[in-house]
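# Overview (structure and organization)
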Amino acid sequence: MIRYNLRCETGHEFESWFQSSSAYESQERRHLINCPACGSAKVERAIMAPRIIGKKGRAKAAPEIAAPSAEAPATESTSLMMAQERELRAKLKELRDHIVKNADNVGERFPNEARKMHYGDIEHRPIYGEASPDEARALIDEGVEVSPLPTLPEDRN
């Protein structure tokens, strides 16, 4: 997973997680990334400073990242971004829960089932399942409409 700081054409800044940089670029080309503040699909990556921590520094750096210093109060924009991030995560969880509740999990058969529906071999129905990045790219190249099921960082625990 990779996190990008993003900025829309009107100047709103936000962050989003992507499976890879190529996943971001694919979604950007297809105008699938929207500003949570104004809905604009004209989004670009903002300048970011990478956070790289060596093996020796991991134990020391983790507490700093998890708990900001009391001496540096949160600014209004930081608080707003945190609220927007919580709202976005809640909406992604709601979307994922809706899909899981209302679609059939076809597991590893997903690429084949999606193709069969696309070419009219079987009746269309809502499905979800598993596909490797290469399988997903092949489906997209064939014109099969697929989207990744939203995954949130807390899902990996």
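This is a predicted model, so every value here is computed, not measured.

In this section: the nonpolar core. Within the largest apolar cluster, nine residues are counted, these being Tyr4, Leu6, Cys8, Phe14, Phe18, Tyr24, Ile33, Cys35 and Val43. Those elements that provide at least two residues to this core are strand 1 (2-8) and strand 2 (13-18). Counting residues per element, this core draws most heavily on strand 1, at three residues. Formed by eight residues, the second largest nonpolar core is a distinct cluster that contains Met117, Ile127, Leu139 and Val144.

A separate point is the pattern of salt bridges. In the structure shown here, the tally under the stated rule is 14 salt bridges. Taking the shortest distance from any N to any O, the salt bridge between Arg89 and Glu85 comes out at 2.7 Å. Pair noted here: Arg89 and Glu85 are both in helix 3 (residues 76-102), with a separation of four residues, about one helical turn. According to the relative accessible area criterion, Arg89 is partly exposed, its value standing at 22%. For Glu85, a relative accessible area of 26% gives the class partly exposed. In this structure, Glu142 engages Arg115 in a salt bridge whose closest nitrogen and oxygen atoms are separated by 2.8 Å. Here Arg115 lies in helix 4 (residues 110-118) and Glu142 lies in the segment after helix 5 (133-141), a separation of 27 residues in the sequence.

Okay, the sheet that holds strand 2 next. Pairing in this open sheet of three strands is antiparallel, and the strands run 2-1-3 from one edge to the other. Two strands close off the open sheet at either side, each with one partner strand: strand 2 and strand 3 (43-45). Averaged over neighbouring strand pairs, the angle between their axes works out to 40° when direction is ignored. In this structure, strand 1 lies alongside strand 3, joined through three bridges in antiparallel fashion. Counterpart to Arg7 in the pairing with strand 3 is Glu44.

Turning our eyes to something else, we now look at the pairing of strand 1. Judged from the six bridges that link them, strand 1 and strand 2 form a sheet pairing that is antiparallel. Counterpart to Tyr4 in the pairing with strand 2 is Ser16. Hairpin geometry of strand 1 and strand 2 is characterised by an intervening segment of four residues between the two adjacent antiparallel strands and by a positive phi of about 100° at Gly11.

How each quantity is defined
Residues numbered from 1 in each chain as written. Predicted model: local features only at pLDDT ≥ 70, side-chain atom pairs only at ≥ 80, totals over all residues. Heavy atoms only, no water. Core = buried A, V, L, I, M, F, W, Y, C linked by side-chain atoms within 4.5 Å. Buried < 20%, exposed > 50% of the residue type's maximum accessible area, 1.4 Å probe, protein only. Helix = DSSP H or I, 4+ residues; strand = E, 2+ residues; numbered from the N terminus. Salt bridge = Lys/Arg side-chain N within 4 Å of Asp/Glu carboxyl O. Pairing = 2+ DSSP bridges. Axes fitted to C-alpha atoms, helices over the stretch in contact; angles between N-to-C directions.

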